[in-house]
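# Coordinate inspection notes
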Amino acid sequence: MAELVQRRLDRIRAEHAEVADGELADYIPELAGVDPDGFGLSLSTSDGFIYESGQAATEFTIQSISKPLTYALALHLIGLDAVDARIGVEPSGEAFNEISVDRVTNNPKNPMINAGAITAVSLIPAGSPDERFELIHDFYSACVGRRLELDHDVYTSEKASGARNRAIGYMLQSFEALDDDPDEVLDVYYRQCSLRVTCTDLARMGATLARGGMNPVTGRRVTSAAVVRRTLSVMVTCGMYDGAGDWVSAVGMPAKSGVGGGIVAVLPGQLGIGVYSPRLDDKGNSVRGVLTCRSLSEQLGLHFLTVRRDARATLRAVYEPRSGVRVYEAHGDLLFSGAEEVLRVAERERDRYDVTILDVSRVDDIDDTAREMLSALGAALRADGKEGHLVDPDGVVARAGSPEIRFRTVDDVLDALDRRRRPTP
Ligand code: GLN
């Protein structure tokens, strides 16, 4: 049953597997040495269940996907006002490494371009660069749910070739947008960018943001919902650099890319996505990563303006009117996440029933994705040697003409089962 979701993800990844457009980031020499064909996709549900497709375990450096995290940590440690006094929240429409500050405030325009990210590092209160990096390292690890490791080769490579970032650092100092020594701040910035992650780590980090700052796997709150709201807002407007407008229209999820080839995308309340493919477009975003996120959004209905309400609490009641018969009762709006939950619970509990009854009579709204996923459930159950019945008086899942029998109530199903079991005289 959960394989119905898995197959969809595999299919979406496969759609873009042949794309070989884009170039590896070579301005950091070490990044030019990675396998250009690596391609992985992970999705974490808001309760921390992970789906993986392709090279989901391949490690790469987090690069700019670190920016929203350090920004969140700065907000968490010194508060919104103190951060706002030093970094703007306006989309710059510029490249990520533009040497620029806001003309009026003399502050970096936003925390998703290098200028703002370098300032964000300088706002982490600490007695030394090492202590600052440790705070950052601990925070990222808590978001992901495992201790991340530093890629020393990438760190050394970026540090040795970081003329542009040094230019940005000294420019910031000259505008009094940086209080600390630029080289010390940059050293921490290079280290944060060189932490290694997998796309599953990114999906987990995304799920932590989707849950308003609570890591669903460790159960640990890493920051407040207010900090996450601000961080996601800036990811919406500035996360994909000057590709942001296009991204919001086509994909509609707060996201952040990095020149290591990763992209994290977040659907608040619902899920986190991590994609990895290191060939980049001219904006520095992963080519296959962008295409994959586009397809995920279109095919699973994940645009944040489509997912209007929190569809997380879809499965309201699971009960057993008699032994071996399990009823799953869905409420509210059924979208991808709700349908995924139904399929996964049905799979997890498969040893506990011979017959399932899916009751969708209290569903308000359903999208095509959820309808397709749930109408495939009957066949998946039969393939598993089980029986599945649908209580669907209004034809929410099984539309007119569908071969699926639609019952009006759970009692009607139970009556039908009884009639069948009663020996014929
Ligand atoms: N470390 C990289 C840099 O500063 C990060 C850039 C990115 O991922 N867009 O150039």
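Residues numbered from 1 in each chain as written. Predicted model: local features only at pLDDT ≥ 70, side-chain atom pairs only at ≥ 80, totals over all residues. Heavy atoms only, no water.

For the rest of this paragraph, the subject is the sheet that holds strand E3 (residues 60–61). Ordered in space as E3-E5-E4, the three strands form an open sheet in which the pairing is antiparallel. Each edge of the open sheet is held by one strand with a lone partner, namely E3 and strand E4 (149–150). (Pairing = 2+ DSSP bridges. Helix = DSSP H or I, 4+ residues; strand = E, 2+ residues; numbered from the N terminus.)

This part takes up the site of the ligand. In the vicinity of the ligand, twelve residues are found, and the nearest of them are Tyr27, Gln63, Ser64, Glu158 and Tyr189. Here an oxygen atom of the ligand and a side-chain polar atom of Tyr27 are 2.5 Å apart. Here an oxygen atom of the ligand sits 2.9 Å away from a polar atom, N or O, in the side chain of Asn165. Within the complex, 99% of the 300 Å² of free accessible area of the ligand lies under protein. When grouped by side-chain class, the residues that make up the shell around the ligand number six nonpolar, five polar and one charged. (Near = heavy atom within 4 Å. Polar contact = N/O pair within 3.5 Å; in protein donor to acceptor, adjacent residues only side chain to side chain. Areas by Shrake-Rupley, 256 points an atom, 1.4 Å probe, with all protein chains shown as cover. Nonpolar A, V, L, I, M, F, W, Y, C, P; charged D, E, K, R; others polar.)

A word on the environment of Gly274. Among the structural elements, Gly274 can be located in strand E8 (residues 271–276). By relative accessible area, Gly274 is classed as buried at 0%. For the pair Gly274 and Arg316, spaced 42 residues apart in sequence, the C-alpha separation works out to 29 Å. (Buried < 20%, exposed > 50% of the residue type's maximum accessible area, 1.4 Å probe, protein only.)

Here the focus is the UniProt feature "binding site: substrate" (unreviewed entry) in the chain. The sites that carry the UniProt feature "binding site: substrate" (unreviewed entry) are, in the present numbering, Ser64, Asn114, Glu158, Asn165, Tyr189, Tyr241 and Val259. Here Ser64 shows up in the loop between E3 and helix H2 (66–78). Taking the relative accessible area as the measure of exposure, Ser64 reaches 5% and is therefore buried. Residue placement: Val259 occurs in the loop between strand E6 (255–257) and strand E7 (262–267). Sequence-distant contacts of Val259, defined by excluding residues within four places in its chain, comprise Ala25, Tyr27, Leu31, Gln63, Phe96, Leu280 and Gly284. (UniProt positions renumbered as here; feature names shortened; annotations may be inferred. Contact = heavy atoms within 4.5 Å.)

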